Amino acid sequence: MKRFIAPPLLILVFALAAFPVVFSGPGCTTSQQAVAYKTLNITATSVDAGMKAFADAVVAGKVTAPTQAKVRDLHGRYALAMQAAILTAHFDTSAPAPDKLKALASELLTLISEALK
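The structure contained in this document is the topic of the report that follows.

Thresholds, definitions, all that
Residues numbered from 1 in each chain as written. Predicted model: local features only at pLDDT ≥ 70, side-chain atom pairs only at ≥ 80, totals over all residues. Heavy atoms only, no water. Helix = DSSP H or I, 4+ residues; strand = E, 2+ residues; numbered from the N terminus. Buried < 20%, exposed > 50% of the residue type's maximum accessible area, 1.4 Å probe, protein only. Core = buried A, V, L, I, M, F, W, Y, C linked by side-chain atoms within 4.5 Å. Contact = heavy atoms within 4.5 Å. Axes fitted to C-alpha atoms, helices over the stretch in contact; angles between N-to-C directions. Parallel < 35°, antiparallel > 145°, perpendicular 65-115°, else oblique. Left-handed = near helix turned anticlockwise from the far one by under 90°. Nonpolar A, V, L, I, M, F, W, Y, C, P; charged D, E, K, R; others polar.

Here we come to unusual backbone geometry. Phi angles above zero are rare outside glycine, and H90 is one such case at about 55 degrees. Summarising the element assignment, H90 is placed in the loop between α4 (65–88) and α5 (99–115). Overall, H90 belongs to the exposed group, its relative accessible area being 68%. Even without glycine at this site, F91 takes up a positive phi of about 65 degrees. By secondary structure assignment, the location of F91 is in the loop between α4 and α5. By relative accessible area, which is 61% here, F91 ends up exposed.

Counting residues in hydrophobic clusters, the biggest one holds 22 residues, and the most contacted among them are L40, Y78, L101 and L108. Every element with two or more residues in this core is listed here: α3 (40–59), α4 and α5. If you tally residues by element for this core, the top one is α5, at eight residues. If we skip the residues at most four places from it in the chain, L40 touches M82, A85, I86, A89, D92, T93, A95, P96, A97, P98 and L101.

Taken N-terminus to C-terminus, the directions of α4 and α5 make an angle of 155 degrees; their axes are 9 Å apart at the nearest point. Between α4 and α5, the angle falls in the class roughly antiparallel. Viewed along their axes, α4 and α5 form a crossing whose handedness is left-handed. Across from T67, K70, V71, L74, H75, R77, Y78, A81, M82 and A85 in α4, the residues of α5 making contact are L101, L104, A105, E107, L108, L111, I112 and A115. For the contact of α4 with α5, the residue count by class is 13 nonpolar, two polar and three charged.

Bear in mind that shape data such as this cannot, by itself, settle questions of function.
This is how it looks when you write it as structure tokens:
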């Protein structure tokens, strides 16, 4: 019995035809910030990535001492807000991030972004 093996071109055509169906969403109806900080987990992941980039810049000597102090202070306030949010959510990191936490994360990432320019 012969087996049918689909040619690569046929597979590509089906994949491209399915692409819009698989990846279509509700559209761009929310702002980028609302999507970026929707859950506690996503907020923590975003801030962690920013802090890693900031730490690399500090080690490379690209960040001034006053900027380091500002980031350290703001990160401390962010960390306390994150701890409170996680406790309030009963350790459910898929819970929505509170507005205060979103604001602190946004402020911290903006400060880091400016420091890395």
